[in-house]
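Structure assessment
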Amino acid sequence: MARLTEHLAFLYGPAAAERWAPVFAERIERFARAHPALARGPRALATSPAEAWLITYGDQVTREGEAPLATLARFMDRWLAPEFSGVHLLPIYPYSSDDGFSVIDYRAVDPRLGGWDHVRALAERYALMLDAVINHASAESAWFQGFLRCEEPYHRYFLVPPEDWDLSRVVRPRTTRLLTTFATACGRKKVWTTFSADQVDLNYREPEVLLEVLDLLLFYAAHGARRLRLDAVGFVWKEPGTTCLNLPQTHEVVKLFRTALDAAAPEVALVTETNVPHAENVAYFGNGEDEAQLVYNFALPPLVLHTFARGDARVLARWAAGLELPGPKAAFLNFLASHDGVGLRPVEGILPPEEVAFLVERTLAHGGEVSYRDTPAGPAPYELNTTWYDALNPPGTPEALGVRRLLASHAIMLALAGLPAVYVHALFGTPNWREGYEKSGEKRKLNRRKFREAEVEAWLADPGSRARRILDGLKARLALRAERPAFHPAAPQRVRDLGAGVFAVERGTDEERVLVAVNVTGAPQPLALEEGWRDARTSAPAASTLVLEPYADLWLTRGDT
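Residues numbered from 1 in each chain as written. Predicted model: local features only at pLDDT ≥ 70, side-chain atom pairs only at ≥ 80, totals over all residues. Heavy atoms only, no water.

Next up on the list: the sheet that holds strand 18 (residues 493-496). Taking strand neighbours across the sheet as the criterion, the five strands line up as 18-19-20-24-22 in an open arrangement whose pairing is antiparallel. Strand pairing shows two members of the sheet lacking a second neighbour, strand 18 and strand 22 (534-535), which therefore form its edges. With two bridges connecting them, strand 22 and strand 24 (residues 553-559) associate as antiparallel partners. For Asp535, the partnering residue across the bridge sits in strand 24 and is Leu556. Strands strand 18 and strand 19 (502-509) of the sheet are contacted by helix 11 (residues 314-321), whose axis makes an angle of about 155° with strand 18. (Pairing = 2+ DSSP bridges. Helix = DSSP H or I, 4+ residues; strand = E, 2+ residues; numbered from the N terminus. Contact = heavy atoms within 4.5 Å. Axes fitted to C-alpha atoms, helices over the stretch in contact; angles between N-to-C directions.)

So, in structure tokens, the structure goes:
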């Protein structure tokens, strides 16, 4: 109660905190009474080297006459278990645009996917991450329709900034209008819409909205979620004259969520999704115990892409050498591909502008697209819209080479401290879906193609197919990782200098050490190593001098285990 009061006082002032803290506390206590097993869950971040996530849409794989969530469960059972222990379902709720990120009803499963029974069935076999799209709601949602009718309490749920608010410093992730004019029953109003006119920002300056969203997070926990992805959380709080991004109040909102979940469902971890410069992103760890347990490692994808594009691991190595966690209750969520493409803001201050421009030109040359955002100096590249396979590989690349390059890039991601997550299109080596983009006009469609189950089964039944070779390669590396305590997400890491053409990281302690070395070039790379290393796959002693073939990855171990 005391911590809740502190959070609310920071956000709304002492008087409002005195009024609202008992309301929030009662909601949390009621949940804990209804779900005693969740309330007794482990207090530390429960994870292991065997934790690995699939990022997917609920209808990524479909079969005629079957709920897509049931089809997905069968696909995971047949092809991904046990190496993938968790599934991140991108938004599963009824929506009106942006492939689910404009939620109409937060408490319903889109009937086109299945129902909560299907979600719970998945959660019984895999750790479950659900999306909490909490910055904005669909313009078709009941909440916003109530706003348009000027009904209680919804006329306060969305932000209509006063005319005298200074919005000149607001940081934009898009080139669309910040404010959208809507006709309401009480007149025309300019409403805050960070991402699109169909995605209307919620007004966290109202305690009722914060309580409503907290209630949603508890609802998802009750339905099996053990990780909650806070979508676009950096934008939730707005203040005049500021950037309206990553404000202290936003961090306090995350802290309040953490306080509530620690009391009601401590096993449930918060995952912040903040596609911003690295230092701002990792600030969501807080002090290691009071904000998110997991933070997306957003700088990793563009830096790995740059590494392979240049055939030079030095920038990546310098950045990785400086990665730190604030404590054992926090970890990075490592990934290379996602439904959103490759963000470029996270490498501000890490890659010089000319190297960002190089990635932009290379992506376009590979058949991808680039999304932009408004800045005072004009539009600036925001993200690369492409599949990971095509981002890495120029058109015409022999498939065997393309597969090696993709697996090598993932070896880096799997070796680093943190939890690994693989987007389904990286799993298959999917090329850019130009047809989807050209039909919809949405650049992100390049990386969001859906499949029929028969199509996927045909790929994976062929041991020589691109998809099967990638899947087998990733599973083999995940299995190596799962066996070694040195790969625990929080185990120490030391980046090794084995030459510009090799990225190498050593993990673990004196009890057990592992070394993963990845050739990021198309040329053989000589390596000189200390005596005592063994091949992690065969346990055979490793030579102290050897040659790492183009785009090969070497997994070594030493110690008692």
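Turning to the packing of aromatic side chains, a few remarks are in order. Counting across every chain of the model gives 24 aromatic pairs. Ring centres of Phe144 and Phe158 lie 5.0 Å apart, and the angle between their planes is 85°; on these two criteria the pair is classed as edge-to-face. Pair noted here: Phe144 is in helix 6 (residues 142-148) and Phe158 is in the loop between helix 6 and strand 6 (179-184), with a separation of 14 residues, a long-range link. Its relative accessible area of 2% is what places Phe158 among the buried residues. Between Tyr296 and Phe335, the ring centres sit 5.4 Å apart and the planes meet at 85°, which makes this aromatic pair edge-to-face. (Phe/Tyr/Trp six-rings, centres within 6.5 Å; stacked < 30°, edge-to-face > 60°. Buried < 20%, exposed > 50% of the residue type's maximum accessible area, 1.4 Å probe, protein only.)

Bringing the UniProt feature "binding site: substrate" (unreviewed entry) in the protein into the picture now. With numbering aligned to this structure, UniProt lists the feature "binding site: substrate" (unreviewed entry) at Asp98, His136, Arg229, Leu230, Asp231, His339, Asp340 and Arg444. Topologically, His136 is positioned in strand 5 (residues 136-138). Leave out the neighbours within four places in its chain, and His136 touches Phe101, Tyr106, Phe195, Gln199, Val200, Asp201, Leu202 and Asp231. A polar side-chain atom of His136 sits 3.0 Å from the main-chain carbonyl oxygen of Phe101. With respect to the element layout, His339 can be found in the loop between strand 12 (331-335) and strand 13 (342-343). Overall, the relative accessible area of 3% leaves His339 in the buried class. Not counting residues up to four positions away in its chain, the partners in contact with His339 are Tyr57, Leu90, Phe101, Arg229, Tyr423, Arg444, Asn447 and Arg448. (UniProt positions renumbered as here; feature names shortened; annotations may be inferred. Polar contact = N/O pair within 3.5 Å; in protein donor to acceptor, adjacent residues only side chain to side chain.)

With their axes 8 Å apart at the nearest point, helix 10 (residues 300-310) and helix 11 run at an angle of 150° to one another. Relative to helix 11, the element helix 10 lies roughly antiparallel. Side by side, helix 10 and helix 11 meet where Leu300, Leu303, Val304, His306 and Thr307 of the first sit next to Val315, Leu316 and Trp319 of the second. The residue makeup of the contact of helix 10 with helix 11, split by class, is six nonpolar, two polar and no charged. (Parallel < 35°, antiparallel > 145°, perpendicular 65-115°, else oblique. Nonpolar A, V, L, I, M, F, W, Y, C, P; charged D, E, K, R; others polar.)

A few words on the domain arrangement of the protein. You can read the domains of the protein as domain 1 (40-140 + 202-487) and domain 2 (493-559). Look at where the C-alpha atoms of domain 1 and domain 2 centre, and you get two points 28 Å apart. Contact with domain 1, which involves 27 residues of that partner, is made by 23 residues of domain 2. Approximately 2,300 Å² of surface area, both sides summed, lies buried where domain 1 meets domain 2, with 67% of it carried by carbon and sulfur atoms. Put simply, domain 1 and domain 2 have two salt bridges between them. Of the charged contacts in the structure, one is a salt bridge between Arg477 and Asp553, with a shortest N-O distance of 2.8 Å. (Domains from an automatic or database assignment. Buried area = accessible area lost by both parts, 1.4 Å probe. Salt bridge = Lys/Arg side-chain N within 4 Å of Asp/Glu carboxyl O.)

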